[in-house]
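# Coordinate inspection notes
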Amino acid sequence: MPQTITEKILAAHAGRDTVTPGELINVRIDMALANDITAPIAIDLFEKSRVEAVFDTERIALVPDHFVPNKDVRSAIQVQAMRTFARKYHIKYFFELGEMGIEHVLLPEQGLVLPGDVVIGADSHTCTYGALGAFATGVGSTDIAATMITGEVWFKVPESIKLIYDGQLREWVTGKDLILYTIGDIGVDGATYKAMEFTGDVIRALPVADRMTMANMAIEAGAKSGIISPDEATLDYIRPRAKRPFECYTSDPDATYIEVRTYDVSNIEPQVAFPYLPENTRGISAVDTIPIDQAVIGSCTNGRIEDLRLAARILNGRTIDKNVRLIIVPATPTVYRQAMAEGLLEIFLAARGIVSPPTCGPCLGGFMGVLGPGERAVSTTNRNFVGRMGHPSSEVYLANPAVAAASAVLGRIGGPDEL
Amino acid sequence: MKIEGTVRKFGDNIDTDVIIPAIYLVTTDMGELGKHCMEGVDATFAEKVGPGDIIVAGKNFGCGSSREHAPMAIKGAGISCVIAEGFARIFFRNAFNMGLAIFECPGVFQGIQEGDRVSVNQDTGEITDHTNGKRFLANPVPPFMQELIEAGGLMAYVLNKRRL
Ligand code: SF4
């Protein structure tokens, strides 16, 4: 029976030859992840179960990234719980401050999530790792607690949607714009429960960083996962980092899809998602004058070195508008050091931006750049829900790093071509 | 089992950031989370809500983050169950795993109004609006998830199986 990449990975982890969408199956987990918000609940449940050991000390990753460096006493207590748990159960991949970065940038960078894996994370953007050809999906803390005991998790096998991208990318159009455009097209529940499989010549030519940005936002269309078949670019990224053996799967040509959509990217310009849903997208040329108070460049969506390079290209030799605050968040210590070595931090500071340590921080309105009443931000993050970055009356406009940087200079939302 | 309560109504795409804003994610205490339930859409919701009230909403309820604090906040606020046109996937999963009763039921958003008295038969999925007399039938719960509910949530289910 012809199978999609998603079905093949799930079947292999369920000890089966094939699986069918809609089936409930139990699968073996290659990596389970939790952060400083979701791990404490899982830890409580695990301790209450009185089970003496975790299923595998090398297949659990605990990343305190959301409110770290600890923003207050209560967040410090949450991280203490993770630290204590990690020591007690000899969890190999607990990332202390200094090694810690935003989880979905950190785990691929450290070679902990690989092609062909099944990965679950108590964080909705766990779907990011699909960019490497893994089946990766967000679950809750209770799922993580149960998996820490059994090493398994239950899933309904998702149907797949095939999204084909053809044509020639325009200047300043990135993976972020492709995924925003797609969400604008199918809506925030357009792929609920489904696997979004990104294919086509444009994807094959897309850098791995952009692929991760796309898979990252599959959840913003309600999807269970986003996935891209591994190719040479994937292997170039994976080989120097992989901490384990891995296996590459691809979809059979005659596999079954519930829906197939084709996009000619030649018609897609840089996208901006207006409040309060990621589906409220417009091309940059259709955006009127929208003054901004803040620009944020970072997050698991766009906090990689490639994103910072793009922002630096725009900001080099310029200063931002006097009414704007610019916050740049390198996603991991490695990204930070690389940005420093390449002189990017100098460019950001000279432009009158600030550089934050790696953290989720402002992305979820946690700290380090929370918005006040009525304030407006352009952000390279992934959500613009009511109150996402602060006060319920504040507004978030989602865009790629080039648009965010250009907007900081212009003092209003605009593209690099307007500079 | 039967649930009965007064309806608190919300629209489409009620996301986890409005169900429980991130600034409150520094605790795992259900009662405390409950005090800030729905704060993003209605700042006084937790004060107004009565014990056993039922949330009725449109499509894609619970979209966004995987935070289990969202179903916990709803439970902590005293809500007995959530009936929606549709649920976002992780919220749906979390609700079953941690034991918040939810029902997917097309037609409820049009048919049920704020303040209506509604009852739900958990075994049959029958939903009755006693204020306007309308009846609805919730989508059936897959057998495995029924097992989860009967076990008392995922942890109890997993631990029971281990003991066998
Ligand atoms: S950067 Fe934002 S979206 Fe990504 S994991 Fe952190 S809080 Fe979530």
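Everything in this summary refers to the structure shown in the same document. (Residues numbered from 1 in each chain as written. Chains lettered and ligands numbered in written order. Predicted model: local features only at pLDDT ≥ 70, side-chain atom pairs only at ≥ 80, totals over all residues. Heavy atoms only, no water.)

## Remarks on the overall build of chain A
Our working rule: Strands here mean DSSP runs of E at least two residues long; helices mean DSSP runs of H or I at least four residues long; both are numbered from the N terminus. All radius of gyration figures rest on C-alpha atoms, and the globule criterion is 2.2 Å times the number of residues raised to 0.38. Type-normalised accessible area, obtained with a 1.4 Å probe on protein chains alone, sets the label of each residue: buried when under 20%, exposed when over 50%, and partly exposed for intermediate values.
The helix and strand inventory of chain A stands at 14 helices and 18 strands. Relative to a compact globule of 419 residues, whose C-alpha radius of gyration would be 22 Å, chain A shows 20 Å and is just as compact. C-alpha extents for chain A along the principal axes are approximately 60 × 50 × 40 Å. Residues counted as buried form 66% of the 419 residues belonging to chain A.

## Description of the packing of helix α11 (residues 305-315) of chain A against helix α12 (residues 333-341) of chain A
All names here are of chain A. Note the cut-off: All axes here are fitted lines through C-alpha atoms, helices being fitted over the stretch that makes contact, and every angle between N-to-C directions spans 0 to 180 degrees. Left-handed describes a crossing whose near helix is turned anticlockwise from the far helix through less than a right angle; right-handed describes the clockwise counterpart. The criterion used for residue contact is that any of the two residues' heavy atoms lie within 4.5 Å.
Taken N-terminus to C-terminus, the directions of α11 and α12 make an angle of 35°; their axes are 9 Å apart at the nearest point. In the packing of α11 onto α12, the handedness of the crossing is right-handed. Of α12, the residues touching α11 (which contributes Ile305, Leu308 and Arg309) are Val335, Gln338 and Ala339.

## Structural notes on helix α3 (residues 73-88) of chain A
All names here are of chain A. Basically, it comes down to this: Multiplying one less than the number of residues by 1.5 Å gives the expected span of a helix.
Taking 1.5 Å of rise per residue, the 16 residues of α3 would be expected to cover 22 Å, and the 22 Å separating its terminal C-alpha atoms lies within 8% of that figure. Buried residues of α3: Ser75, Ala76, Gln78, Val79, Met82, Arg83, Phe85 and Ala86, and no others. The positive-phi residue at the C-terminal boundary of α3 is His90, with phi of around 55°.

## Some remarks on the sheet that holds strand β4 (residues 93-94) of chain A
Strands belonging to one sheet form pairs held by backbone hydrogen bonds; the direction of such a pair is parallel or antiparallel. All names here are of chain A. Test applied: Should DSSP find at least two bridges between two strands, the strands are regarded as paired.
The strand order across the open sheet formed by 5 strands is β4-β3-β2-β5-β6, and the pairing between neighbours is parallel. Each having just a single partner strand, β4 and β6 (135-138) make up the two edges of the open sheet. Across 4 bridges, strand β2 (residues 31-35) lies against strand β3 (residues 60-63) in parallel orientation. In the strand pairing of β3, Ala32 is matched with Ile60. Along the sheet, α3 contacts β2, β3 and β4; its crossing angle with β3, the most-contacted strand, is approximately 150°.

## Some points on the environment of Pro330 of chain A
Residue and element names in this part refer to chain A. Inspection of the secondary structure assignment puts Pro330 in the loop between β15 (325-328) and α12. For Pro330, a relative accessible area of 0% translates into the label buried. Considering only alpha carbons, one finds Pro330 and Asp307, 23 residues apart in sequence, at a separation of 9.1 Å. Leave out the neighbours within four places in its chain, and Pro330 touches Gly303, Leu308, Val335, Tyr336, Val355, Ser356, Pro357 and Pro358.

## Looking at the state of the cysteines
Defined as follows: To count as a disulfide, a pair of cysteine sulfur atoms needs to be within 2.5 Å.
With the rule as written, the count across this model stands at 0 disulfides over all chains. No disulfide involves Cys63 of chain B; its nearest neighbouring cysteine sulfur is the one of Cys127 of chain A, lying 14 Å away. Note on Cys63 of chain B: relative accessible area 6%, which makes it buried. In this structure Cys105 of chain B is not part of a disulfide, and its nearest cysteine sulfur, from Cys81 of chain B, lies 11 Å away.

## Some points on the pattern of salt bridges
Residue and element names in this part refer to chain A. We count it as follows: A carboxyl oxygen of Asp or Glu within 4 Å of a side-chain nitrogen of Lys or Arg is what we treat as a salt bridge.
Counting across every chain of the model gives 28 salt bridges over all chains. Notably, a salt bridge pairs Lys8 with Asp252, separated by 2.9 Å at the nearest N-O pair. A residue pair is termed long-range when its members are at least 10 positions apart, and Lys8 in helix α1 (residues 5-14) and Asp252 in the loop between α9 (232-238) and β11 (259-264) qualify at 244 residues. For Lys8, a relative accessible area of 21% corresponds to the partly exposed category. Residues Glu259 and Arg261 are paired through a salt bridge, measuring 2.6 Å at the closest nitrogen-oxygen approach. A relative accessible area of 26% means that Glu259 is categorised as partly exposed. Take Arg261: its relative accessible area is 27%, and that puts it in the partly exposed class. Taken together, the shared-partner salt bridges connect Arg28, Asp30, Asp56 and Arg59 into one network.

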